[in-house]
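Overview (structure and organization)
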Amino acid sequence: MTIDWIGEPGAPHTAVIDGLPDAGAAARWLRAHRGELRAALDRHGALHLRGLPVRDVADFTRVRDALFAERAAYQEKATPRSDFGDDVFSSTDLPPAQAIRMHNENSYTLTFPGLLLFGCLVAPEEGGATPVADVRRVLAHLPAELVERYRRHGWRLTRSYGEHLSLGWRTTFGTDSRAEVERYCADHAIEAAWGEDGVLRTSQLRSATIHHPRTGEELWFNHLAFWNEWSLDPAIRDVMVDELGPDGLPFNTALGDGTPLTPEETAVLNEAYERATVRRRWQPGDLLLVDNLLAAHGRDPFRGDRRIVVAMGEAVALADCAPTLPVTG
């Protein structure tokens, strides 16, 4: 039996799956339809599955293992998450009123998850969707001149690892050893320097577009708009720049040669994501399967309790994605 997909404007492609008694039956159903799910994922980038009996973390791990051939590590951590064990995490632990802009998970690393799976254990009272945007559509919405500049020069990410406004370097790299951090950075094409204040600052050049290793399509794949200073709320940006200086922000991005983005360019990038974004309100038991190369994701603000878990799988190496700006570690 083939899956009956629902395609609605403004929403991800969705299937309603009824009649499965428990997570074991759900896992068997997912394994039986894995080929069809993968083909649909190639077309749409993200799939919303509704009606599955996924009630807790243990249920979620069973369906995760039915969908993923292997798990993927979370590297160079950038946001706070709760760890529920067995490679299952909270989607983020940022304040509910804060929107999270669209991004492809770990686009700044040399190896990143190929698949993401989100699961809803508790749906928020209001808001809190996990929107997704097909980055093929994002690329098509961007001005050709802007895209060509970033094809040629790539994008640059700079980070300052403070303990208060972002994750500290010990959390990000999972070690207390400066020497281990320096070795990791050297192996992963990251420039690293320690300030007299003990703060680690890094800079890394990455390709702004890549090609999907299976479909061959060119993809807009980066955190360029997500971490740019002009994407911050203006009042927050002013306070942070006054306090830390323009070079001390926890995150910032630029053209690969260091040329800053203008507010107007950042607005164009964010508008392209918005035009490609779709969302569906969470219900308990829902799953959202995302091809992390084909689709960016984010989070809407919300009210009430919200428990969305996430797992990462099937790691992909940047070198296997024909980056338009080759980067080696």
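Above: the structure in question.
Residues numbered from 1 in each chain as written. Predicted model: local features only at pLDDT ≥ 70, side-chain atom pairs only at ≥ 80, totals over all residues. Heavy atoms only, no water.

With that settled, the discussion passes to helix α1 (residues 23-32). Here α1 lies mainly inside the structure; seven of its 10 residues are buried. All buried positions along α1 are accounted for by A23, G24, A25, A26, A27, W29 and L30. On its buried face, α1 sits against α2 (34-44), β3 (46-50), α3 (57-67) and β17 (287-291). Between the side-chain oxygen at the start of α1 and the backbone nitrogen of G24 there is a gap of 3.2 Å, and the oxygen is on D22. (Buried < 20%, exposed > 50% of the residue type's maximum accessible area, 1.4 Å probe, protein only. Helix = DSSP H or I, 4+ residues; strand = E, 2+ residues; numbered from the N terminus. Contact = heavy atoms within 4.5 Å. Polar contact = N/O pair within 3.5 Å; in protein donor to acceptor, adjacent residues only side chain to side chain.)

Bringing unusual backbone geometry into the picture now. Although it is not a glycine, E76 adopts a positive phi angle of roughly 45°. Position of E76 relative to the elements: it lies in the loop between α3 and β4 (83-85). Assessed through its relative accessible area of 3%, E76 is described here as buried.

Quick look at the side chain of T209 now. With respect to the helices and strands, the residue T209 is situated in strand β13 (residues 209-211). Take T209: its relative accessible area is 0%, and that puts it in the buried class. Within the structure, T209 has its side chain in polar contact with the side chain of E218 (distance 3.0 Å). If we ignore the near neighbours within four places in the chain, the residues touching T209 are L139, R151, E218, L219, W220, F221, P323 and T324.

Before going further, it helps to examine helix α9 (residues 263-276). Counted at 1.5 Å a residue, the expected span for α9 with its 14 residues is 20 Å, and the 20 Å between its end C-alpha atoms agrees. Every buried residue belonging to α9 is among E265, T266, L269, N270, A272, Y273 and A276, and all of these are buried. Here the buried residues of α9 occupy an arc of 150° about the axis, which is enough to place them on one side. (Expected span 1.5 Å × (residues − 1). Arc of directions from axis to C-beta.)

Looking now at the nonpolar core. Counting residues in hydrophobic clusters, the biggest one holds 39 residues, and the most contacted among them are F112, V138, Y150, I210, W220, L269 and L293. Of all the elements in the fold, those that place two or more residues in this core are β6 (100-103), α4 (135-141), α5 (144-153), β10 (155-160), β14 (218-220), β15 (251-255) and α9. Dropping the residues within four chain positions of it, F112 is found in contact with E105, N106, I210, F221, N292, L293, E314, A315, V316, A317, L318 and C321. A26, L30, L47 and V63 belong to the second-largest nonpolar core, a separate cluster that totals 29 residues. (Core = buried A, V, L, I, M, F, W, Y, C linked by side-chain atoms within 4.5 Å.)

Counting across every chain of the model gives nine aromatic pairs. Aromatic side chains W227 and F251 sit 4.3 Å apart centroid to centroid with 0° between the ring planes, which places their arrangement in the stacked category. Of this pair, W227 sits in the loop between β14 and α8 (234-244) while F251 sits in strand β15, and the two are 24 residues apart along the sequence. By relative accessible area, which is 15% here, F251 ends up buried. Three or more aromatic residues joined by ring pairs form one cluster here, namely Y108, F226, W227 and F251. Note that R237 overlies the ring of W230, its terminal NZ or CZ placed 3.8 Å from the centroid. Across the ring face of F84, the terminal group of R307 is positioned such that the distance to the ring centre comes to 4.9 Å. (Phe/Tyr/Trp six-rings, centres within 6.5 Å; stacked < 30°, edge-to-face > 60°. Lys NZ or Arg CZ within 6 Å of the ring centre and 35° of its normal.)

Let us now look at the pairing of β3. In terms of burial, β3 is a largely internal element, five of the five residues being buried. With burial as the criterion, each face of β3 is covered, one bearing A46, H48 and R50 and the other bearing L47 and L49. For strand β2 (residues 13-16) and β3, the ladder comprises four bridges, and the chain directions are parallel. From the neighbouring strand, A15 faces β3, where its bridge partner is L49. (Pairing = 2+ DSSP bridges.)

With antiparallel pairing, the four strands of this open sheet are ordered in space as β6-β18-β9-β16. Single-partner strands in this sheet number two, and they are β6 and β16 (277-278). Pairing between strand β9 (residues 132-134) and β16: two bridges, direction antiparallel. Of the residues in β16, the one forming a bridge with V132 is V278.

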